[in-house]
Amino acid sequence: MEKIISFLPAQFQRENIFYVEMTGITYPDKNYRITRACSDIYCIEYVISGKGTVTCGGQTFFPQKGDVYLLPPGMRHDYYADAAEPYEKIWMNVRGSLCDFLYESYSLKGRFYFENCPMYSMFYRFLNFYSGCAQGTQEITAQGELLFHEMMADLYHWTIGMEPREKTIAENVKDYIDLHIDEKITVRQLCKNVGLSPAQLNRVFKKAYGSAPYQYCLSQKLSKASSMLRNTSLQVREISEKLSFADEHYFSSVFHEKTGMTPKEYRNRAGKIKSDE
């Protein structure tokens, strides 16, 4: 059984540079097997539990919990689940010139198997991100490219003995907020992502960052709003909409409460300071 999220090339603004064909989770099934005679994708997988067998580039590996394998295009891919302990894994199939560039730049060519590589949170972030934006076209391009770049860097660091640090729950929540700051983000949604109650999430996040997730999210939205007021000609209403505030009045009220100025006063003051300089 599998949970699969698939995309069309048209959903990516630069599909020739980076395109996620599919990503998902495969749950234990002793009959699971994939064979590609000559693959045209990068297949990257993290084993959550169980065992499997992978053959690529004339080499055979036996990945188990905590292992990662990266199967590049232009080769035969053959992998299957162990009959006694079939594996559960998070995976992605990607392609594009960015993948080629990072694969070469991080000296990963010829490296197919990364044993005991602590990258579960990175794979989870990737899957969770694409689960939440399957209908979009803009966000999945830029942010997706950054996530993939981070993943390739982590694999490189692992090959040279620099262990990628497993991110904490608080860090994963912070990353999610930062990646989705233009959207409406609810505490309920954040709790669902990490499997905690609101009270638990607030406690964990506040211990790490000194504020509750909602307060951090609001602070980030207002920081971005301030930048837009200083550097764009967007109307206050447009900024409110872009940052998914309930309405212009609520945005202006919150902005005034936190800064002591209305958005218009802030913009006028910022403009005056620039002209004085």
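Criteria and cut-off values
- Residues numbered from 1 in each chain as written.
- Predicted model: local features only at pLDDT ≥ 70, side-chain atom pairs only at ≥ 80, totals over all residues.
- Heavy atoms only, no water.
- Helix = DSSP H or I, 4+ residues; strand = E, 2+ residues; numbered from the N terminus.
- Buried < 20%, exposed > 50% of the residue type's maximum accessible area, 1.4 Å probe, protein only.
- Contact = heavy atoms within 4.5 Å.
- Areas by Shrake-Rupley, 256 points an atom, 1.4 Å probe, with all protein chains shown as cover.
- Lys, Arg positive; Asp, Glu negative; His and termini not counted.
- Charge placed at Lys NZ, Arg CZ, Asp CG, Glu CD.
- Phe/Tyr/Trp six-rings, centres within 6.5 Å; stacked < 30°, edge-to-face > 60°.
- Core = buried A, V, L, I, M, F, W, Y, C linked by side-chain atoms within 4.5 Å.
- 1 Å grid on protein atoms, 1.4 Å probe; cavity = no way out; pocket = protein on both sides within 12 Å on 5 of 7 lines; lining within 4 Å.
- Points joined across faces, edges and corners; volume = space filled by probe spheres on them.
- Nonpolar A, V, L, I, M, F, W, Y, C, P; charged D, E, K, R; others polar.

Colleague: Go over the overall build of the protein chain with me, naming the residues and quoting the values.
Modeller: Looking only at helices and strands, one finds 10 helices and 10 strands in the protein chain. Seen through its C-alpha atoms, the protein chain measures out along the principal axes to roughly 65 × 40 × 35 Å. Taking all 277 residues of the protein chain together, 45% fall into the buried category. Taking as baseline every contact in the protein chain between residues at least 6 positions apart, the subset at least 24 positions apart corresponds to 71%. When the accessible area of the protein chain is evaluated, it comes to approximately 14,300 Å², of which 51% is carbon and sulfur surface. Charge separation in the protein chain, taken as the distance between the mean sites of 33 positive and 33 negative side-chain charges, equals 5 Å.

Colleague: An account of the packing of aromatic side chains is needed here, citing residue identities and associated values.
Modeller: Enumeration according to the criterion identifies 25 aromatic pairs in this entry. For the ring pair Phe255 and Tyr266, a centre distance of 5.4 Å and an interplane angle of 80° mean the geometry is edge-to-face. Of this pair, Phe255 sits in helix H9 (residues 248-259) while Tyr266 sits in helix H10 (residues 263-276), and the two are 11 residues apart along the sequence. On the basis of relative accessibility, which here comes to 0%, the residue Phe255 falls in the buried class.

Colleague: Residues and numbers for the nonpolar core, please.
Modeller: Counting residues in each nonpolar core, the largest one holds 38 residues, and the members touching the most others are Ile44, Val94 and Met152. Elements supplying a minimum of two residues to this core: strand S2 (19-26), strand S4 (42-49), strand S7 (68-71), strand S9 (88-95), helix H1 (97-105), helix H2 (120-132) and helix H3 (139-159). Residues contacting Val94, with those up to four places away along its chain left out, are Phe18, Tyr19, Val20, Ile41, Tyr42, Ile44, Cys99, Phe126 and Phe148. Grouped together as the second largest cluster of nonpolar side chains are 14 residues, Leu222, Ala225, Met228 and Leu229 included.

Colleague: Break down empty space enclosed by the protein for me, citing the residues and quoting the values.
Modeller: A complete count under the given rule lists 2 cavities of 30 Å³ or more for this structure. As a volume, the largest cavity reaches approximately 120 Å³. In this structure, the largest cavity is lined by 13 residues; those nearest its centre are Tyr124, Arg125, Asn128, Asn172 and Tyr176. When residues of the lining of the largest cavity are traced back to their parent elements, those giving at least two are H2, helix H4 (169-179) and helix H5 (187-194). Looking at the lining of the largest cavity residue by residue, the class counts come to 7 nonpolar, 4 polar and 2 charged.

Geometric descriptors of this kind do not, in isolation, establish any biological role.
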